[in-house]
Amino acid sequence: LNADVALHNAGVSYSSLKRPDTEKAVAAYELLDSKYPRSPHLPSARLKLGIIHYQTGRFDEARKPLAKIPANHPLKADGDYYLAWTDLDNRRPIDAAKRFQELGSRLTKRGANHRLIPLCNLYQGIAEFEGRQFDACAQTLSKFVADFPEHEKLDEGAFNMGLAHMEQKKWDDAIKGFDMVPEKSSIHDRALYQAAWSKRSATKPAEAISYYKELLEQHADSQLANNVTLELAEIEFEVGGEKGGGDAAERLVALLNRKPAPNADLRRLALYRLGIVQFKRKDYSESAKAFEDLLKDPTENLVVSAAWQAGEARRQLALTAEGGAQVREYKAALKNYDIAMKAKVATNQADQSRLQQQALLRDGQTKAAMELWADSEKSFTSFIEAHPKHELIRTAYLGLGWTYQNQENYPKAIESFEKTVATGVRDDAGARAQFLLGECYFEKKQYNKAIIEFSKVESLYAFPQWQSKAAYELAQSLLRIENKDGARMNFERLIKSYPDTKAADAAKSELKLLK
């Protein structure tokens, strides 16, 4: 046996062990290269040596033996193929694409159906994608799927062609690529997922549903299944109306109860989405539970919004509850608002800071609803001092005035209500503040001033709830100054102008007494 053959076979043997000894294989091939430069086995040794270096990440070392394979040798194509792979895996995708293209063109010109021709076409396209040459990639892979529709790697070409079209925002073309990935492919689930996202990116979220559902039906064990369940629930909620909300809630509950449990990050997102869905469905109890469950193990970026939403859900429950149940819900709401206010917020999270500010305002409103007037006053005062130019500053002055009024501190109440109406904004807050100005003067028994303020409600604000109340209280003020005719006329006008209000019903009773 010749020594060069022995060295070549030794290299092959070392590489073929159950635990390959690549270092000894490299030593054998390099010794063959140095001692027997004319050996007919040298091109094979150089190819195998280059492949070993490539597979172990020694890319510069791989190039040397691969480049030395003679141009006219049958293994030259394999050597150039691995040189292209060496460039691609060494983060030189543009060079790799050029090598794949040149090799593929050379082999095609020879006229033979060489096994490397489709692979060069495929990986040229993938290299172009890695080099962010998306238009070139899409063209190259379009040729691959057209020329080699039966190739075993058709799925890889079609999938990456779809990705290239996504990068170009050609959503319909992207979907065509993903639809070409065979059902039996190991990446079929990924193709369905990207097709769904292409539909969503094309602002056709409803059309993504079928792709998500197909993925869950055909690939229930996919690593994408949990994320897909969450995303499908989001779309069902967004586009499915009332039924979609129910389907989304059911799907999210099933996800949270799945065994094995979804990872912690996905669980938090599912709980947050479930809270939003249930709040929209007016199932405030389940909404609060979801957000509060999330708050047991939150991430920093979700604390404020989850606590705010939990507080809002509890507040809604309190608005329809009575007695002790109402107090419990208000207390639970305050606890959540407090969490939101105390959470750390990064300077670049303006939306979270805004929610914190609103939580302080809501804290004051909730304490006012519980008739904790002094505590409510502190909250509103803190808000006004901290955010004097806030868009909700008038709401804060309205709330502060209400706390002062209920503590019979009328001068400060009047001052706060006047600040609410000072800007001339004709909204509900302004109408209520204007009405309460009249109430303050009425409670102070300054009836003539009360009449002036009540009349402003009717003339300045188009809110029947407050206009009718103001008309009623204006009539009561006239009664207090013994102007029964004026009071009677205003009660009659109230009934005619605001017939479907509680104030109109009360006015009818007053007219009976006057007659």
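Before reading on, note that the structure itself is shown above.
Procedures and definitions
- Residues numbered from 1 in each chain as written.
- Predicted model: local features only at pLDDT ≥ 70, side-chain atom pairs only at ≥ 80, totals over all residues.
- Heavy atoms only, no water.
- 1 Å grid on protein atoms, 1.4 Å probe; cavity = no way out; pocket = protein on both sides within 12 Å on 5 of 7 lines; lining within 4 Å.
- Points joined across faces, edges and corners; volume = space filled by probe spheres on them.
- Helix = DSSP H or I, 4+ residues; strand = E, 2+ residues; numbered from the N terminus.
- Nonpolar A, V, L, I, M, F, W, Y, C, P; charged D, E, K, R; others polar.
- Core = buried A, V, L, I, M, F, W, Y, C linked by side-chain atoms within 4.5 Å.
- Buried < 20%, exposed > 50% of the residue type's maximum accessible area, 1.4 Å probe, protein only.
- Contact = heavy atoms within 4.5 Å.
- Axes fitted to C-alpha atoms, helices over the stretch in contact; angles between N-to-C directions.
- Parallel < 35°, antiparallel > 145°, perpendicular 65-115°, else oblique.
- Left-handed = near helix turned anticlockwise from the far one by under 90°.
- Lys, Arg positive; Asp, Glu negative; His and termini not counted.
- Salt bridge = Lys/Arg side-chain N within 4 Å of Asp/Glu carboxyl O.
- Expected span 1.5 Å × (residues − 1).
- Polar contact = N/O pair within 3.5 Å; in protein donor to acceptor, adjacent residues only side chain to side chain.
- Phe/Tyr/Trp six-rings, centres within 6.5 Å; stacked < 30°, edge-to-face > 60°.

J.: So what exactly am I meant to see when it comes to the layout of surface pockets here?
T.: To find leftover empty space, a probe the size of one water molecule is rolled over the atoms. Volume-wise, the largest pocket comes out at about 280 Å³. As for the largest pocket, its lining consists of 17 residues, of which Gly104, Thr108, Ile117, Asn121 and Lys143 are closest to the centre. Among the secondary structure elements, those contributing two or more residues to the lining of the largest pocket are α6 (93-109), α7 (116-130) and α8 (134-147). In the lining of the largest pocket, the residues fall into 5 nonpolar, 10 polar and 2 charged.

J.: Can you walk me through the nonpolar core in this structure?
T.: Considering soluble globular proteins, one finds that nonpolar side chains tend to be buried as a cluster. In terms of nonpolar packing, the biggest core is built from 60 residues, with Tyr81, Phe100, Tyr123, Phe178 and Tyr212 touching the most fellow members. Setting aside chain neighbours within four positions, we find tyrosine 123 in contact with Tyr81, Trp85, Phe100, Lys153 and Glu156. Membership of the second largest hydrophobic core comes to 48 residues, among which are Leu360, Ala413, Phe454 and Leu474.

J.: Looking at this structure, I do not really get the packing of α6 against α7. What am I missing?
T.: What describes two packed helices is the angle between their axes and the distance between those same axes. As a packed pair, α6 and α7 sit with axes 8 Å apart at the nearest point and diverge in direction by 160 degrees. Classified by the interaxial angle, the pair formed by α6 and α7 is roughly antiparallel. Note on packing geometry: the crossing formed by α6 with α7 is left-handed. Contacts between α6 and α7 pair Pro93, Ala96, Ala97, Phe100, Gln101, Leu103, Gly104, Leu107 and Thr108 from the former with Leu116, Ile117, Cys120, Tyr123, Gln124, Ala127, Glu128 and Glu130 from the latter.

J.: Is there a simple way to explain the side chain of glutamate 473 in this structure?
T.: Here glutamate 473 is to be found in helix α25 (residues 464-480). Although glutamate 473 lies buried, it forms no salt bridge, and the closest oppositely charged side chain, arginine 480, sits 6.8 Å away as judged by the N-O distance. Contacts of glutamate 473, omitting those with residues within four sequence positions, involve Phe435, Glu439, Phe442 and Phe454.

J.: Is there a simple way to think about helix α9 (residues 154-167) in this case?
T.: Count 3.6 residues to each turn of an α-helix, and residues three or four apart come out pointing the same way. Here α9 contains 14 residues, and its C-alpha end-to-end distance of 20 Å stays within 8% of the 20 Å for a straight helix at 1.5 Å per residue. Most of α9 is tucked away, with 12 of its 14 residues classed as buried. Inspection of α9 places Leu154, Asp155, Gly157, Ala158, Phe159, Asn160, Met161, Gly162, Leu163, Ala164, His165 and Met166 among the buried residues, and these make up the whole buried set. On its buried side, α9 packs onto α7, α8, α10 (171-179) and α11 (188-201). With its phi angle positive at about 65 degrees, lysine 169 sits one or two positions after the end of α9.

J.: So what exactly am I meant to see when it comes to the pattern of salt bridges here?
T.: Should their charged atoms come close, side chains of opposite charge can pair. As enumerated under the stated definition, the model contains 35 salt bridges in all. Beyond isolated ion pairs, a larger network of salt bridges with shared partners links Asp60, Arg63, Asp87, Arg92, Asp95 and Arg99.

J.: Where do I start with the side chain of glutamine 467 in this structure?
T.: Position of glutamine 467 relative to the elements: it lies in helix α25. Among the polar contacts listed, one links the side chain of glutamine 467 to the backbone oxygen of glutamate 458, at a separation of 3.2 Å. Setting aside residues up to four positions removed in sequence, glutamine 467 forms contacts with Val457, Glu458, Tyr461, Ala462 and Tyr498.

J.: What am I meant to see in the packing of helix α12 (residues 205-218) against helix α13 (residues 225-239) here?
T.: The geometry of α12 relative to α13 is characterised by a closest axis approach of 10 Å and an angle of 150 degrees between their N-to-C directions. For the element pair α12 / α13, the angle class is roughly antiparallel. Along this stretch, α12 crosses α13, giving a crossing that reads as left-handed. Residues Pro205, Ala206, Ala208, Ile209, Tyr212, Lys213, Leu215 and Leu216 of α12 touch α13, and the partners they reach there are Ala225, Val228, Thr229, Glu231, Leu232, Ile235, Glu236 and Val239. Looking at the contact of α12 with α13 residue by residue, the class counts come to 12 nonpolar, 1 polar and 3 charged.

J.: Sorry if this is basic, but what is going on with the packing of aromatic side chains here?
T.: Where two aromatic rings form a pair, the distance of their centres and the angle of their planes describe that pair. Taken as a whole and judged by the stated rule, the model has 19 aromatic pairs. Aromatic pair phenylalanine 435 and phenylalanine 454: ring centres 5.6 Å apart, planes at 50 degrees, arrangement tilted. Here phenylalanine 435 is found in helix α23 (residues 428-443), whereas its partner phenylalanine 454 is found in helix α24 (residues 447-460), with 19 residues between them in sequence. For the pair phenylalanine 435 and phenylalanine 454, one class covers both residues: buried. Between phenylalanine 435 and tryptophan 466, the ring centres sit 5.5 Å apart and the planes meet at 45 degrees, which makes this aromatic pair tilted.

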